[in-house]
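Chain residues, written in single-letter form:
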Amino acid sequence: MNDLELYREQITLCDEKIIEDLTERNSIFERMLEYKEEHGMLILQPMQREKRLKRLEEKLEGNPYKEEILDVFQCIAWNGKRVQGKKLFPQNLILIGFMGTGKTTLARYLGERFAMDVVEMDVEIETQTGMSIEEIFSEYGEERFRQLETELLKQLQTREHVVISCGGGIVLREENIEELKKQGKVVLLTASPEEILNRVREDKRRPLLEGKKNKEWISQMLEEREDKYKKAADVIVNTDKKEILQICEEMIRKLEEI
Ligand code: S3P
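These lines cover the structure that appears in this document, whether it is placed above or below. The shown structure was predicted, so the numbers you read here are calculated from the model rather than taken from an experiment.

1. Some details on the site of the ligand
Step number 1: Near the ligand, the surroundings consist of 13 residues, among which Lys103, Asp122, Arg146, Arg206 and Arg225 are the closest.
Step number 2: Within the side chain of Arg206, a nitrogen or oxygen atom sits 2.6 Å from an oxygen atom of the ligand.
Step number 3: With respect to the ligand, the side chain of Arg225 contributes an N or O atom lying 2.7 Å from an oxygen atom.
Step number 4: Split by residue class, the shell around the ligand holds 5 nonpolar, 3 polar and 5 charged.

See below:
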């Protein structure tokens, strides 16, 4: 064997070691989750990730391949998140709830924390039609928008390991509720009319609230939709005065219980 062949052999051995280590690393994340669940511990412990990154940077100080290795570690970290996400949420997560209940915020958080793809239905509809939600409502009416929602839901049937953040009115059509249930676990986020009003007050992108941003109107709409939301939901999480970590943690617990 000449030197070149020897080097190639060494690289193959390195690759094998990396595969073994990565397999071990990913499975540790699964064991860690099981441990936390068994002991009723918090699943989300954001400080740990920061500590790990700091240790890594210290370890790589002076390493000639620091930049390259850190690059790889970004991918490794993403892997770890994804492994945890798949274990915690073997099915897609579908977030429903009235406007201003925090669906978009929670979807973004889950996407980042568990390396899940996020589909924001309103944004997807805007991208596909090249129109804003307000334009669709004003030019074609609510019924057309509802039709677009139903069509998009059907398009999403093949997606896996994804968080779908639905528009607040997705439950208005019975056929949508059936579709949602087929596609994953449905999480209903709720909030009081006061809190909803606070959250949507400055927002101009919700045609059904334009000119009617008051508690009475919001309460009325909530009441009209309540049964439909509940019918669609697998779990319900109230978001009033809660931080995102707490909301997410509560959702995980409730999903575990069902
Ligand atoms: C709607 C909610 C909106 C958007 C549209 C209609 C509704 O989505 O789909 O304005 O009927 O509740 P958000 O809940 O994301 O604001």
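2. Considerations on empty space enclosed by the protein
Step number 1: For the structure on display, the rule yields 1 cavity of 30 Å³ or more.
Step number 2: One number sums up the size of the largest cavity: a volume of about 30 Å³.
Step number 3: Thr150, Leu153, Lys154, Glu175, Asn176 and Glu179 are the residues that line the largest cavity.
Step number 4: When residues of the lining of the largest cavity are traced back to their parent elements, those giving at least two are helix H7 (142-155) and helix H8 (174-183).
Step number 5: Looking at the lining of the largest cavity residue by residue, the classes come out as 1 nonpolar, 2 polar and 3 charged.

3. Section: helix H3 (residues 66-88)
Step number 1: Over its 23 residues, H3 extends 32 Å from the first C-alpha to the last, a length consistent with the 33 Å expected when each residue adds 1.5 Å.
Step number 2: Ile76, Gly80, Lys81, Arg82, Val83, Gln84, Gly85 and Leu88 are the residues of H3 that are buried.
Step number 3: In this structure, the buried residues of H3 make contact with helix H1 (3-38), helix H2 (46-59), helix H4 (103-113), strand S2 (117-120) and helix H11 (244-257).

4. Notes on the environment of Lys81
Step number 1: Assignment of secondary structure puts Lys81 in helix H3.
Step number 2: The class for Lys81 is buried, based on a relative accessible area of 12%.
Step number 3: In the structure, Lys81 is positioned 20 residues away from Thr101 in sequence and 25 Å away in space, judged by C-alpha atoms.
Step number 4: Within polar-contact distance, the side chain of Lys81 engages the backbone oxygen of Glu112 at 3.2 Å.

5. Considering a negative patch on the surface
Step number 1: On the surface, a cluster of negative charge is contributed by Glu9, Asp15, Glu16, Glu20 and Asp21.
Step number 2: Mapped onto the elements of the fold, Asp15 is located in helix H1.

6. Some words on helix H6 (residues 133-140)
Step number 1: Within H6, the full set of buried residues consists of Ile133, Ile136 and Phe137. Take H6 and look down its axis: the buried residues cluster within an arc of 95°, on one side only. Summarising the geometry of H6, the exposed residues directed more than 90 degrees from the buried face are Ser138 and Glu139.
Step number 2: Lining the buried residues of H6 we find helix H5 (121-129) and H7.

Reading the values: rules and limits
Residues numbered from 1 in each chain as written. Predicted model: local features only at pLDDT ≥ 70, side-chain atom pairs only at ≥ 80, totals over all residues. Heavy atoms only, no water. Near = heavy atom within 4 Å. Polar contact = N/O pair within 3.5 Å; in protein donor to acceptor, adjacent residues only side chain to side chain. Nonpolar A, V, L, I, M, F, W, Y, C, P; charged D, E, K, R; others polar. 1 Å grid on protein atoms, 1.4 Å probe; cavity = no way out; pocket = protein on both sides within 12 Å on 5 of 7 lines; lining within 4 Å. Points joined across faces, edges and corners; volume = space filled by probe spheres on them. Helix = DSSP H or I, 4+ residues; strand = E, 2+ residues; numbered from the N terminus. Expected span 1.5 Å × (residues − 1). Buried < 20%, exposed > 50% of the residue type's maximum accessible area, 1.4 Å probe, protein only. Contact = heavy atoms within 4.5 Å. Patch = residues over 30% accessible without salt bridge, like charges linked within 9 Å, V, L, I, M, F, W, Y side chains within 5 Å. Areas by Shrake-Rupley, 256 points an atom, 1.4 Å probe, with all protein chains shown as cover. Salt bridge = Lys/Arg side-chain N within 4 Å of Asp/Glu carboxyl O. Lys, Arg positive; Asp, Glu negative; His and termini not counted. Charge placed at Lys NZ, Arg CZ, Asp CG, Glu CD. Arc of directions from axis to C-beta.

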